[in-house]
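# Descriptive analysis of the structure
One-letter residues, chain by chain:
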Amino acid sequence: MPTPAPAPVPQRAATPSKRSRILRCVVIAILCMIVMHGLIVLLAWLIIKPRPVSYTVEDGSLHGFSLANDSLNATFGITLRVNNPNHRMALSYRSFDISVWFKDQMLAFDEIGAFQQRRRNSTRIEAKAEARSVQLMRYVADELNRQKKSGEIKLQIRVKARLRFKVGIVKTGVYHLKAFCSPVVLHFNANKWFERTYCNVDL
């Protein structure tokens, strides 16, 4: 006589495992941390009310200009004003580089280095960017010679900087700043009045 098949055992409803409960708690904790971080950043912004830094080229000079066989020698004197209008936030520049461009080619470069800028402070940066036997592209040399005959040249000054913001003892991470100042008009006649140039700052 065949043995009867055992009666099916009723299945219990599935319950969340311990691992899934831990994972859920971790996700909730991460979300809470993100929300808290956002609230802290928003609160800090409301308290500090950060204002953008501004750059202007205040003065410019040209010395020892020589262009022959598409090879350039010159010294570009650039005075840059860096303005920090913030009441509660200081700036710590880790690096500060200034370059002189004409059309699509860099002519000269000067490395200013690190410096500190206090709150509500305007800092003057004096740069001397030197071009020593810089070989120019032909169309750049032709246009530079053409502008020289007019008595002035129109340049672009570019700034690249790495900086941190400081509020009290708290410092942010490092930010990369770029500034573009154009046109910066330099006169071959030193008696000509220099016109201030305002810069576009990208941070």
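Residues numbered from 1 in each chain as written. Predicted model: local features only at pLDDT ≥ 70, side-chain atom pairs only at ≥ 80, totals over all residues. Heavy atoms only, no water.

## Re the environment of Arg51
Let me state the cut-off plainly: Strands are runs of DSSP state E lasting at least 2 residues, helices are runs of H or I lasting at least 4, and numbering of each runs from the N terminus. Three labels apply to residues, based on accessible area from a 1.4 Å probe with only protein chains included: buried if under 20% of the type maximum, exposed if over 50%, partly exposed otherwise in between. Contacts are residue-level and defined by heavy atoms, with any inter-residue pair within 4.5 Å sufficient.
Relative to the assigned elements, Arg51 resides in the loop between α1 (18-48) and β1 (54-68). Overall, Arg51 belongs to the partly exposed group, its relative accessible area being 47%. Along the primary structure Arg51 and Met89 are separated by 38 residues, whereas in three dimensions their C-alpha atoms are 9.3 Å apart. Those residues in contact with Arg51, other than ones at most four positions away along the chain, are Pro85 and Asn86.

## Describing a nonpolar patch on the surface
For the record, the criterion: Distance thresholds for patches are 9 Å for like charges and 5 Å for nonpolar side chains (Val, Leu, Ile, Met, Phe, Trp, Tyr), applied to residues having over 30% relative accessible area and no salt bridge. With residues, only the protein chains shown are counted as cover, and all accessible areas are computed by Shrake-Rupley using a 1.4 Å probe. Definition used for salt bridges: Asp or Glu carboxyl oxygen within 4 Å of a side-chain nitrogen of Lys or Arg.
A cluster of nonpolar side chains, Ile22, Leu23, Val26, Val27, Ile30, Leu31 and Ile34, forms an exposed patch at the surface whose accessible area comes to about 640 Å². With respect to the element layout, Ile22 can be found in helix α1. Take Ile22: its relative accessible area is 48%, and that puts it in the partly exposed class.

## Some points on the state of the cysteines
Between two cysteines, a covalent bond joining their sulfur atoms is known as a disulfide. Stated formally: Only a pair of cysteine sulfur atoms within 2.5 Å counts as a disulfide in this structure description.
A full pass over the atoms with the stated rule returns one disulfide. The disulfide that involves Cys181 links it to Cys199, with 2.0 Å between the sulfurs. Given an S-S torsion of about 105°, the disulfide between Cys181 and Cys199 has right-handed geometry. Placement of the pair is Cys181 in strand β9 (residues 175-187) and Cys199 in strand β10 (residues 197-202), with a sequence separation of 18 residues. Among the residues examined, Cys181 registers a relative accessible area of 0% and is labelled buried. Given the relative accessible area of 12%, Cys199 is considered buried.

## Re helix α2 (residues 138-150)
Rules: One less than the residue count of a helix, multiplied by 1.5 Å, gives the span that helix is expected to have. Directions are taken from the helix axis to each C-beta atom, and the arc is the one they span.
The end-to-end C-alpha distance of α2 is 19 Å, a good match for the 18 Å that 13 residues give at a rise of 1.5 Å each. Buried within α2 we find Val140, Ala141, Glu143, Leu144 and Gln147. Down the axis, α2 shows its buried residues gathered within 165° of arc, on one side only. Along α2, the residues that are exposed and aim more than 90 degrees away from the buried face are Arg138, Arg146 and Lys149. The elements touched by buried residues of α2 are β1, β2 (71-84), β3 (90-102), β4 (105-111) and β7 (152-167). Directly beyond the C-terminal end of α2, a positive phi value near 95° is found at Gly151.

## Some remarks on the packing of aromatic side chains
Given two aromatic rings, one states the distance between the centres and the angle between the planes to describe the pair. Basically, it comes down to this: Stacked, edge-to-face and tilted are the three classes for Phe, Tyr and Trp ring pairs, Trp counted by its six-membered ring, which pair at centre distances within 6.5 Å; planes under 30 degrees apart are stacked, over 60 edge-to-face, the rest tilted. Two conditions define a charge sitting above a ring: the NZ of Lys or the CZ of Arg must be within 6 Å of the ring centre, and it must be within 35 degrees of the ring normal.
With the rule as written, the count across this model stands at six aromatic pairs. Chaining the aromatic ring pairs together yields one cluster made of Tyr55, Tyr93, Phe96 and Phe115. The ring of Phe102 is capped by Lys103, whose NZ or CZ atom sits 6.0 Å from the centre of that ring. The ring of Trp101 is capped by Arg158, whose NZ or CZ atom sits 3.8 Å from the centre of that ring.

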